[in-house]
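# What the coordinates show
Here is what each chain is made of, one letter per residue.
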Amino acid sequence: MFSNVSRTLPFQNRSNIDRVVLSPNGKVLITVDVDGFALIINYEKQVVIAHFNFRDHVTALSFTPDNKFFAVATGKKLKVFESPSVTEKTFSPLVLYKKYGNLHSEDIAGISWSTDSRFFITWSDDLTVKMMSLHKIEGFLPFTFSGNHKKIITAFFSQDNSRIFTIS
C-alpha cells in the first residue's frame, strides 16, 4: 500500500463490494458486499481466511487501533468480534465478543475508536453520537451526545482521548 503499486486480489465477493476495511497493522482485510456477505482475508498472503454472513446490510465497519477487535454495524445493532488470527488456523475464525442492540433510532452511520481501544463512538442520522465502553468498567454508563443540527459526517476522539469531535 505504501509503494504506489496496485494489484488485483485473486478472489471475489458474491456481489458488489459495499465496505472495505484494512486492519491498522495491514494484515487483515475485510470486504463486505451489499448483501452482508463478507470475506476475511490475510492481506499479506492474499488468501481468504473465512467467509461470513452478517445477515443484513452492513452500515459501518471498523478495526480497533490495537488490532484485537473489529466492530460491525448492521442497521441499529452493533457487534464486536475478535480479530481473526493470520498465524494459526482455527475452526471458527470469527468469535463474537460483544453485541449492542438499538443504540440509535436510525441506522448507525459510522464507528470510531479511542486511541487506547477502550471506548468507541457510533453516530447515526438521528443526529446523536453514543459513547460506549468495549470492556465492562464499573460505574461507567453509556453516554449520548446530542445537539447536532445537520447530518453527522464523521466523529472521532482527540489524540489524548479527552474530547470527542463531530463534523456535520
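Keep in mind that this is a model prediction, so the values were computed, not measured.

## Focus on the side chain of S112
One can find S112 in strand β9 (residues 108–113). By relative accessible area, S112 is classed as buried at 12%. Within the local environment of S112, its side chain forms a polar contact with the backbone oxygen of A155, the two atoms lying 3.4 Å apart.

## Re the sheet that holds strand β8 (residues 95–100)
Read across the sheet, 4 strands follow the order β5-β6-β7-β8 without closing on themselves; strand pairing throughout is antiparallel. Edge strands, defined here as strands with exactly one partner in the open sheet, are β5 (60–63) and β8. Across this sheet, the average inter-strand angle for adjacent strands is 20°, counted without regard to direction.

## Observations regarding the packing of aromatic side chains
Here the structure, examined in full by the defined rule, presents 11 aromatic pairs. With centroids separated by 4.6 Å and ring planes inclined at 50°, the aromatic side chains of F69 and Y97 adopt a geometry described as tilted. Taken together, the positions of F69 in strand β6 (residues 69–74) and Y97 in strand β8 put the pair 28 residues apart, joining distant regions of the chain. Note on Y97: relative accessible area 34%, which makes it partly exposed. The structure contains a cluster of three or more aromatic residues connected by ring pairs, namely F52, F54, F63, F70 and F81. One Lys or Arg, R7, reaches over the ring of Y43 and ends 5.2 Å from the middle of that ring. If you follow R14 out to its NZ or CZ, it ends over the ring of F37, 4.0 Å from the centre.

## Topic: the environment of K68
Its location among the elements puts K68 in the loop between β5 and β6. The exposure class assigned to K68 is exposed, which follows from its relative accessible area of 53%. As for K68 and E82, which are separated by 14 residues in sequence, their C-alpha atoms are 6.0 Å apart. Those residues within four positions of K68 in sequence are excluded, and the remaining contacts are F81, E82 and S83.

## Digging into the pattern of salt bridges
In this structure the tally under the stated criterion is 2 salt bridges. Ionic pairing is found between D18 and R19, a salt bridge with its closest N-O pair at 3.8 Å. Residue R19 is classed as partly exposed on the basis of its relative accessible area of 27%. Taking the shortest distance from any N to any O, the salt bridge between R118 and D116 comes out at 3.8 Å. For R118, a relative accessible area of 40% gives the class partly exposed. What makes D116 partly exposed here is its relative accessible area of 35%.

Procedures and definitions
- Residues numbered from 1 in each chain as written.
- Predicted model: local features only at pLDDT ≥ 70, side-chain atom pairs only at ≥ 80, totals over all residues.
- Heavy atoms only, no water.
- Helix = DSSP H or I, 4+ residues; strand = E, 2+ residues; numbered from the N terminus.
- Buried < 20%, exposed > 50% of the residue type's maximum accessible area, 1.4 Å probe, protein only.
- Polar contact = N/O pair within 3.5 Å; in protein donor to acceptor, adjacent residues only side chain to side chain.
- Pairing = 2+ DSSP bridges.
- Axes fitted to C-alpha atoms, helices over the stretch in contact; angles between N-to-C directions.
- Phe/Tyr/Trp six-rings, centres within 6.5 Å; stacked < 30°, edge-to-face > 60°.
- Lys NZ or Arg CZ within 6 Å of the ring centre and 35° of its normal.
- Contact = heavy atoms within 4.5 Å.
- Salt bridge = Lys/Arg side-chain N within 4 Å of Asp/Glu carboxyl O.

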